[in-house]
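# Close look at the chain arrangement
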Amino acid sequence: MKAVTVTEKVKQLLDPKLGTIKARLFVTREDGITIYDSVQDNTTTSVAALVSGVWQASEALMNLVYEQNDVKEFRLGFDTSSQGIYLFPFNLTGKRYFLGAIYHECLNPGQLKRQIALIKEEMERSFETEPLPKKPVGSMRQGYLFQDISDAEIDRLFSLGGI
Amino acid sequence: MSFVNYHTKEINCKIVYYGPGLGGKTTNIQYIYQKTSSGNKGQMITLNTENERTLFFDFLPLDLGEIRGFKTRFHLYTVPGQVFYEASRKLILRGVDGLVFVADSQVERMEANLESFHGLEKNLLDQGYDLSKVPMVMQWNKRDLPNIVPVEDLQHQLNKRKNPAFEAIASQGHGVFETLKMVSKSVLLNIKGGLE
């Protein structure tokens with residue numbers, strides 16, 4: 001099936017890699033939204049939020065000391081010789097994302113980092129050579145998603161959340 | 001940041017609790033966390049100092065039910081309230097969809113409320129937000145304490161835009177969900193992009 005969204009395409013690209021990557025693998029948007037995570041549990045959303053926070057703080061720190069720093073080529077690592085976090089920024093369809101891995105008890109972190117770097121390159125190439133289908137002209141969504149929402153609907157929404 | 005996936009019919013929104021230090025932002029989030037069933041919340045993240053003051057942010061992902069067929073997920077953040085964490089507050093405001101300003105009702109905290117609110121306005125403007133277009137709800141917290149500012153004065157000094165406002169005692173849960181529901185509704189109504 002041909003992917004029509006970034007999320008679908010990233011999933012198609014990353015799912016087959018999971019057998020060979022001994023790490024939690026994820027892709028998040030710059031603003032902390034999960035695009036892909038090889039682990040789906042109650043930590044999934046928090047991982048993305050923290051990745052975004054860590055990156056933004058690091059970027060701000062770098063810019064604070066060396067103003068106007070171009071962070072395009074940066075990576076972020078937090079590791080020991082056997083466990084850690086590794087983040088790669090990359091651009092797809094004009095927006096910035098992070099490909100990340102969290103690993104532990106890893107015998108060869110250097111090799112893992114190389115694998116992640118290659119996956120990043122493969123993703124970028126794939127989006128370049130097979131871009132997502134463009135929306136037909138005139139299909140842009142106009143106005144607001146919801147014209148009105150009643151208090152009863154909000155109460156129902158929260159009651160579904162067990163509140 | 002609001003992110004609508006029309007294929008999976010999911011909505012993600014970012015709500016930030018802002019306000020002066022020790023005003024009750026974290027208490028709001030903690031109460032929401034305690035009262036939400038386990039299947040509907042992700043892991044709460046708190047990045048605190050040793051004496052339990054917010055260092056970077058608190059984060060609580062809430063997976064609610066569906067509204068008109070769209071699954072909704074709210075990402076709740078608090079900012080650190082202490083004055084010297086201004087740089088962190090700026091970062092956390094990036095991509096915000098809705099704001100709750102938690103004011104401390106005590107007379108002696110009025111100056112801190114004003115300083116924080118002016119900081120919020122400045123930070124939003126610096127990031128290119130049109131203040132009149134960001135949904136905001138005011139919460140007058142700590143209404144159970146002695147020596148509090150009358151609501152009319154809080155409204156006059158902090159709520160010139162006439163945003164919805166709620167009295168609260170966040171430590172007891174009073175006003176916490178009323179505030180959250182109102183900002184959630186405002187945020188959902190503010191999502192651009194109608195259905196095709």
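Just so it is clear, the structure is predicted and the values come from calculations on it, not from any experiment.

Of the regular secondary structure elements, chain B holds 5 helices and 8 strands. Each helix (α) and strand (β) of chain B, taken in turn from the N terminus, gives the series β-β-α-β-β-β-α-β-α-β-α-β-α. For a compact globule of 196 residues, the expected C-alpha radius of gyration is about 16 Å, and chain B comes in at 16 Å, within 12% of that figure. Structurally, chain B occupies a C-alpha span of about 50 × 35 × 30 Å along its principal axes. In chain B, of all internal contacts separated by at least 6 residues, the share reaching a separation of at least 24 is 70%.

Moving on to the nonpolar core. If you look at the biggest cluster of nonpolar residues, it comprises 81 residues, and the most contacted ones within it are B:Val16, B:Leu76 and B:Phe101. Setting aside residues up to four positions removed in sequence, B:Val16 forms contacts with B:Tyr77, B:Val79, B:Ile92, B:Leu93, B:Val96 and B:Leu99.

All names here are of chain A. Both strand β1 (residues 24-29) and strand β5 (residues 95-103) contribute to a ladder of 6 bridges, which runs antiparallel. Bridge pairing in β5 links Thr28 to Phe98. As judged from the 9 bridges shared by strand β4 (residues 84-92) and β5, these two strands associate in the antiparallel manner. Across the sheet, Leu87 pairs through a bridge with Gly100, a residue of β5.

Moving on: the interface of chain B and chain A. Each side of the interface is counted separately: chain B has 40 residues, and chain A has 33 residues. Elements supplying a minimum of two residues to the side of chain B that touches chain A: β1 (3-5), β4 (54-67), β5 (70-78), α2 (86-93) and α5 (176-189) of chain B. A per-element tally of the side of chain B that touches chain A places β4(B) first, with 8 residues. Taken together, the residues of the side of chain B that touches chain A sort by class into 18 nonpolar, 15 polar and 7 charged.

Turning our eyes to something else, we now look at unusual backbone geometry. Residue and element names in this part refer to chain B. A positive phi is found at Lys142, a non-glycine position, where the angle reads about 65°. Here Lys142 shows up in the loop between β7 (136-141) and α4 (151-158). Accessibility expressed as a C-beta count within 10 Å gives 22 for Lys142, which makes it buried. Despite not being glycine, Lys162 has its phi angle at roughly 60°, a positive value. For Lys162, the location among the structural elements is in the loop between α4 and β8 (165-167).

Attention now moves to the sheet that holds β5(A). Residues and elements named next belong to chain A. The antiparallel open sheet is built from 5 strands, whose spatial order is β2-β1-β5-β4-β3. Looking at which strands have only one partner, the edges of the open sheet turn out to be β2 (34-37) and β3 (76-79). Taken over all neighbouring pairs, the strand axes of this sheet differ in orientation by 15° on average, direction set aside. Note: β1 against β2, 3 bridges, orientation antiparallel. Counted as the bridge partner of Phe26 is Asp37 from β2. Contacts between helix α2 (residues 44-65) and the sheet are confined to β1, β2, β3, β4 and β5, with β2 contributing the most and set at about 115° to the helix.

Moving on, we come to the environment of B:Thr36. Residues and elements named next belong to chain B. Mapping Thr36 onto the fold places it in the loop between α1 (25-35) and β3 (45-48). Given 20 C-beta atoms within 10 Å, Thr36 falls into the buried group. A C-alpha to C-alpha distance of 9.6 Å links Thr36 and Leu64, two positions 28 residues apart in sequence.

Okay, helix α1 (residues 6-14) of chain A next. Residue and element names in this part refer to chain A. Residues Val6, Lys9, Val10 and Leu14 constitute the buried set of α1. Each buried residue of α1 sits inside an arc of 125° when the element is viewed along its axis, so together they form one side. Among the structural elements, β1, β2, β4 and α3 (109-129) are those in contact with the buried residues of α1.

What follows is about α3(A). Every α-helix winds through 3.6 residues per turn, so residues three or four apart in the chain are directed the same way. Residue and element names in this part refer to chain A. Between its terminal C-alpha atoms α3 stretches 30 Å, which fits the 30 Å expected from 21 residues at 1.5 Å a residue. Along α3, the residues that are buried comprise Lys113, Ile116, Ile119 and Met123. Angularly, the buried residues of α3 cover 115° about the axis, an arc narrow enough to put them on a single face. The outward face of α3, more than 90 degrees from its buried face, is lined by the exposed residues Gly110, Gln111, Arg114, Leu118, Glu121, Arg125, Glu128 and Thr129. Tucked inside the fold, the buried residues of α3 contact α1, β4 and β5.

Attention now goes to the confidence of the model for chain A. For chain A, the mean per-residue pLDDT works out to 87, and 90% of the residues sit at or above 70. Mean pLDDT values for the elements of chain A range from 88 in α2(A) up to 95 in β1(A).

Residue and element names in this part refer to chain B. In contact at an axis separation of 10 Å, α2 and helix α3 (residues 110-126) are set at 55° when each is read in the N-to-C sense. With respect to α3, the axis of α2 lies oblique. When you trace α2 past α3, the crossing you get is right-handed. Along the contact surface, α2 presents Glu86, Arg89, Lys90 and Leu93, while α3 presents Gly119, Asn123 and Leu124. Grouping the constituent residues of the contact of α2 with α3 by class yields 2 nonpolar, 2 polar and 3 charged.

Reading guide: rules and limits
- Residues numbered from 1 in each chain as written.
- Chains lettered and ligands numbered in written order.
- Predicted model: local features only at pLDDT ≥ 70, side-chain atom pairs only at ≥ 80, totals over all residues.
- Helix = DSSP H or I, 4+ residues; strand = E, 2+ residues; numbered from the N terminus.
- Rg over C-alpha atoms; globule rule 2.2 N^0.38 Å.
- Contact = placed C-beta atoms within 7 Å.
- Core = buried A, V, L, I, M, F, W, Y, C linked by C-beta atoms within 7 Å.
- Buried ≥ 20, exposed ≤ 12 C-beta atoms within 10 Å, placed from the backbone.
- Pairing = 2+ DSSP bridges.
- Nonpolar A, V, L, I, M, F, W, Y, C, P; charged D, E, K, R; others polar.
- Axes fitted to C-alpha atoms, helices over the stretch in contact; angles between N-to-C directions.
- Arc of directions from axis to C-beta.
- Expected span 1.5 Å × (residues − 1).
- pLDDT = per-residue confidence, 0-100.
- Parallel < 35°, antiparallel > 145°, perpendicular 65-115°, else oblique.
- Left-handed = near helix turned anticlockwise from the far one by under 90°.

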